[in-house]
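Listed below are the residues making up each chain.
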Amino acid sequence: MPRVKIAAGNWKMNGLGASTAELDAMIAGATGSAEVVICPPATLLASFAARAAETGVKIGAQDCHPAASGAHTGDISAEMIGDAGGSHVIVGHSERRADHAEDDATVRAKAEAAWRAGLVAIICVGETESQRDAGDTLGIVGRQLRGSVPAGATAANTVIAYEPVWAIGTGRTPTLAEIAEVHDFMRADLANRFGTEAADGIRLLYGGSVKPGNAAEIFAVSNVDGGLVGGASLKASDFLPIIAAAS
Ligand SMILES: O=C[C@H](O)COP(=O)(O)O
């Protein structure tokens, strides 16, 4: 079955109440076949989810704690995300891995928490520039995939995002051939672990300096099922063409 492409926006630590106008414009303009997921900061999760309810646009969070509740100041649980109206949660973003020392075991626990709460986990992997320069890209991505993606991953509960760390927010992207190499490798690695049928359904997103000008060519690459977009997902004028490219 063909995989429906996803245009996912990760707003990171951006967005205030006034940003609702951008969400409204995205909802109004997202008329294509792509699945659209917008992940605002936690402060906007409930209001965005209420606004996007009954539309085709889904709302996600950017992180969750592995536990359902408890003494974890500043954290939010997957259950809270679901309660706020979110359907997705990003886990293992490289900024979380770097800023909060999250390792693969932590990311795996967070993905399991997402499933426990009925959310789709968007699990991120990707190499640093020095790892790529050392020729270790596939080794790193393979290790992160095996360590971060729990047993039981399916097309319904998991999306995987390949985000080369050196491409995030830099305006630099891998060549299309380099993206294809990693995405083909990820598909094969998932097939080894979960079987071809399950692996074939799991959407594999590319993330890192996706813009209106390069989205179509990136989304046409083998085994690229859409994008996880940072900076260019903040404004409807940038994100709508990317959504269109995924449609
Ligand atoms: O989660 C999104 C990525 O980190 C990509 O960010 P960017 O599109 O600003 O490069």
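What counts, and at which threshold
Residues numbered from 1 in each chain as written. Predicted model: local features only at pLDDT ≥ 70, side-chain atom pairs only at ≥ 80, totals over all residues. Axes fitted to C-alpha atoms, helices over the stretch in contact; angles between N-to-C directions. Helix = DSSP H or I, 4+ residues; strand = E, 2+ residues; numbered from the N terminus. Parallel < 35°, antiparallel > 145°, perpendicular 65-115°, else oblique. Left-handed = near helix turned anticlockwise from the far one by under 90°. Contact = placed C-beta atoms within 7 Å. Nonpolar A, V, L, I, M, F, W, Y, C, P; charged D, E, K, R; others polar. UniProt positions renumbered as here; feature names shortened; annotations may be inferred. Buried ≥ 20, exposed ≤ 12 C-beta atoms within 10 Å, placed from the backbone. Pairing = 2+ DSSP bridges. Near = placed C-beta within 6 Å. Core = buried A, V, L, I, M, F, W, Y, C linked by C-beta atoms within 7 Å. Right-handed = clockwise from strand over helix to strand, strands pointing away.

(A) Structural context of the packing of helix H1 (residues 20-29) against helix H2 (residues 42-52). One can describe the packing of H1 onto H2 by two numbers: an axis separation of 11 Å at closest approach and a directional angle of 30°. By the angle between their directions, the pair H1 and H2 is classed as roughly parallel. As for how H1 packs across H2, the hand of that crossing is right-handed. Residues Thr20, Leu23, Asp24 and Ile27 of H1 form the contact with H2, whose participating residues are Ser47, Phe48, Arg51 and Ala52. Grouping the constituent residues of the contact of H1 with H2 by class yields 4 nonpolar, 2 polar and 2 charged.

(B) Representation of the UniProt feature "active site" (unreviewed entry) in the chain. When the UniProt feature table is mapped onto this chain, "active site" (unreviewed entry) is found at His93 and Glu163. Separation in sequence by 71 residues is not matched in space for these annotated residues, since their most distant C-alpha atoms are only 8.3 Å apart. The topology assignment puts His93 in the loop between strand E4 (88-91) and helix H4 (94-99). Excluding anything up to four places from it in sequence, His93 contacts Gln62 and Cys124. Within the element layout of this structure, Glu163 appears in the loop between strand E6 (158-162) and helix H8 (176-194). Note on Glu163: 25 C-beta atoms within 10 Å, which makes it buried. When sequence neighbours within four positions are dropped, the list of residues in contact with Glu163 reads Ser94, Cys124, Gly126, Ile168, Gly207, Gly208 and Leu228.

(C) Up close: the sheet that holds strand E2 (residues 35-39). A barrel is described by the order of its strands in space; here 8 strands give the closed sequence E1-E2-E3-E4-E5-E6-E7-E8, paired in parallel fashion. The mean inter-strand angle of the sheet, taken between neighbouring strand axes irrespective of direction, is 25°. By the bridge criterion, 4 bridges tie E4 to strand E5 (residues 120-125) in an arrangement that is parallel. Paired with Ile90 across the two strands is Ile122, which belongs to E5. On top of the sheet, helix H7 (residues 137-148) reaches E5 and E6; it is set at about 150° to E5, its chief contact.

(D) Main features of the site of the ligand. Taken together, 14 residues lie near the ligand, and Asn10, Ile168, Gly207, Gly230 and Gly231 sit nearest. The residue makeup of the shell around the ligand, split by class, is 5 nonpolar, 8 polar and 1 charged.

(E) Highlighting the environment of Ser87. Note on placement: Ser87 falls in the loop between helix H3 (78-83) and E4. Taking the C-alpha atoms as reference, Ser87 lies 6.3 Å from Val120; in sequence the two are 33 residues apart.

(F) Fine view of the nonpolar core. Val89, Val91, Ala114, Ile122, Ile123, Ile160 and Ile242 are the most contacted members of the largest nonpolar core, which totals 71 residues. Beyond its immediate sequence surroundings of up to four residues, Val91 is in contact with Asp63, Cys64, Val107, Lys110, Ala111, Ala114, Ala121, Ile122 and Ile123.

(G) Representation of the UniProt feature "binding site: substrate" (unreviewed entry) in the chain. Per the UniProt annotation, the sites labelled "binding site: substrate" (unreviewed entry) are Asn10, Trp11, Lys12, Gly169, Ser209, Gly230 and Gly231. The named residues occupy 222 residues along the chain; their greatest pairwise C-alpha distance, 14.0 Å, places them in one compact cluster. Judged by C-beta crowding, with 26 C-beta atoms within 10 Å, Asn10 ranks as buried. The residues contacting Asn10, other than those within four sequence positions of it, are Cys39, Gln62, Ile90, Leu228, Val229, Gly230 and Ser233. Here Gly231 lies in the loop between strand E8 (226-229) and helix H11 (236-245). The class of Gly231 is partly exposed, set by 18 C-beta atoms lying within 10 Å.

(H) Highlighting the pairing of E4. Of the two faces of E4, the one holding His88 and Ile90 and the one holding Val89 and Val91 are both buried throughout. One crossover worth recording links strand E3 (residues 57-61) to the parallel E4 by way of H3, and it is right-handed.

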